[in-house]
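# Topology and contacts: notes
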Amino acid sequence: MSFPDVTRREMRRIDERAGDENGEFAERLVAAHYGITHANDRADWYDCVHEERGTKYEVKATQVRIDGLDPDSRVEVGGRFRLWEGQTRSLLNSDAQNTAWFVFVLLDENGSPVDHRRMRPSTVWSLVRDEFGGWDNSGHREMGRQQKIPIEALF
């Protein structure tokens, strides 16, 4: 299932407060697509919520290609989705009542949506454990452990 062909300019018509950041853009796109509330200020472990059901949605976005880490190299690498262990654990706990989703949003080089995939937190947890060997130290003490999932693992 893919998103309709929507540009950032068209998305701003859906919500004039949409920021230029890929993450917030993707969050607002997911909220509009699923008819849910963009609620990224309520908790640090989800971005959107279905108000009637209480279902939480954590949105992760990446671009098809991003600049390499070395600013002098200008090497492009495939995008990755950064997952946090604590956030995923909170979603897992919420999913015990069948009320949580991850939504992975793939953007093109210009930041327009290409595709998305919705997955249960338990499936994501298993993917991190079984395919990527678990969680790694992130170097960000306040954020805890992480795992970066390449696009190809999800699409």
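This structure is a prediction, so every number in the text was calculated from the model and none was measured. (Residues numbered from 1 in each chain as written. Predicted model: local features only at pLDDT ≥ 70, side-chain atom pairs only at ≥ 80, totals over all residues. Heavy atoms only, no water.)

### Looking at helix α2 (residues 22-34)
Condition: Helix numbering and strand numbering both begin at the N terminus, where a helix is a DSSP run of H or I of at least 4 residues and a strand a DSSP run of E of at least 2. Expected helix span is taken as 1.5 Å per residue step, with the number of steps being one fewer than the number of residues.
Look at α2: 18 Å from first C-alpha to last across 13 residues, which is about the 18 Å you get at 1.5 Å a residue. Residue G35 follows α2 closely and has a positive phi angle near 65°.

### Remarks on the layout of surface pockets
Selection criterion: Buriedness of a pocket was judged along seven lines, with at least five required to meet protein on both sides within 12 Å; pockets are open sets of points on a 1 Å grid over the protein atoms alone, cavities are sets where a 1.4 Å probe fits but cannot get out, and lining residues have an atom within 4 Å of a point. Grid points are joined across faces, edges and corners, and a volume is the space filled by probe spheres set on the points. Charged means Asp, Glu, Lys or Arg here, nonpolar means Ala, Val, Leu, Ile, Met, Phe, Trp, Tyr, Cys or Pro, and polar covers whatever is left, Gly included.
Roughly 610 Å³ of volume is contained in the largest pocket. When contributions to the lining of the largest pocket are tallied by element, the ones reaching two or more residues are α2, β3 (55-63), β6 (80-84) and α3 (85-95). Among the elements that make up the lining of the largest pocket, the one with the highest residue count is β3 (6 residues). Of the residues that constitute the lining of the largest pocket, the class distribution is 9 nonpolar, 8 polar and 9 charged.

### Examining the sheet that holds strand β8 (residues 113-119)
Worth spelling out the cut-off: A strand pair is defined by DSSP finding two or more bridges across the two strands. Contacts were defined at the residue level, with two residues in contact if any of their heavy atoms lie within 4.5 Å. Axis lines are fitted through C-alpha atoms, for helices just across the contact stretch, and the angle between N-to-C directions can take any value from 0 to 180 degrees.
With respect to topology, 5 strands assemble into an open sheet ordered β1-β2-β3-β7-β8, the strand pairing being mixed. Edge strands, defined here as strands with exactly one partner in the open sheet, are β1 (37-38) and β8. As judged from the 8 bridges shared by β3 and strand β7 (residues 100-107), these two strands associate in the parallel manner. When the bridges of β7 are listed, T62 appears paired with L106. Here helix α4 (residues 121-132) sits on the sheet and contacts β7 and β8; the angle it forms with β7, its principal contact strand, is near 65°.

### What to know about the pairing of strand β10 (residues 145-150)
When β6 meets β10, the two strands line up antiparallel, connected through 5 bridges. Looking across to β10, one finds that F81 is bridged to I149. As paired elements, strand β9 (residues 136-137) and β10 share 2 bridges and run antiparallel to each other. Counterpart to N137 in the pairing with β10 is R145.

### Things to note about the sheet that holds β9
Judged by pairing direction, the sheet is antiparallel, and its 3 strands sit side by side in the order β6-β10-β9 without closing on themselves. Here the strands that pair on one side only, and so sit at the sheet edges, are β6 and β9. Lying on the sheet, α3 is in contact with β6 and β10; it crosses β6 at an angle near 70°. On top of the sheet, α4 reaches β6 and β10; it is set at about 85° to β10, its chief contact.

### A closer look at the confidence of the model for the chain
To keep it simple, the criterion reads: Confidence scores labelled pLDDT are given residue by residue by the predictor and lie between 0 and 100.
Looking at the chain, the pLDDT average stands at 84 and 79% of residues meet or exceed 70. Looking across the chain, the model is least confident in helix α1 (residues 8-14), with a mean pLDDT of 53, and most confident in strand β2 (residues 48-50), with 97.

### Things to note about α4
As a reminder of what qualifies: Here the term buried applies to any residue with accessible area under 20% of the maximum for its type, exposed to any over 50%, and partly exposed to those in between, with areas from a 1.4 Å probe on protein chains only. Each C-beta atom gives one direction from the helix axis, and the arc is the one those directions make.
Helix length check: α4, at 12 residues, gives a terminal C-alpha distance of 15 Å against a target of 16 Å (1.5 Å per residue), a fit within 8%. Every buried residue belonging to α4 is among P121, V124, W125, L127 and V128, and all of these are buried. All buried residues of α4 fall inside an arc of 155° around its axis, so they share one side. G133, located one to two residues past α4, shows a positive phi value of around 75°.

### Brief notes about the pattern of salt bridges
For the record, the criterion: Salt bridge, as applied in this entry: a Lys or Arg side-chain nitrogen positioned within 4 Å of an Asp or Glu carboxyl oxygen.
This structure, assessed with the given rule, holds 7 salt bridges. The partner of R42 in a salt bridge is E51, with the nearest N and O atoms 2.7 Å apart. Put simply, E85, R89 and R145 are held in one network by salt bridges that share partners.

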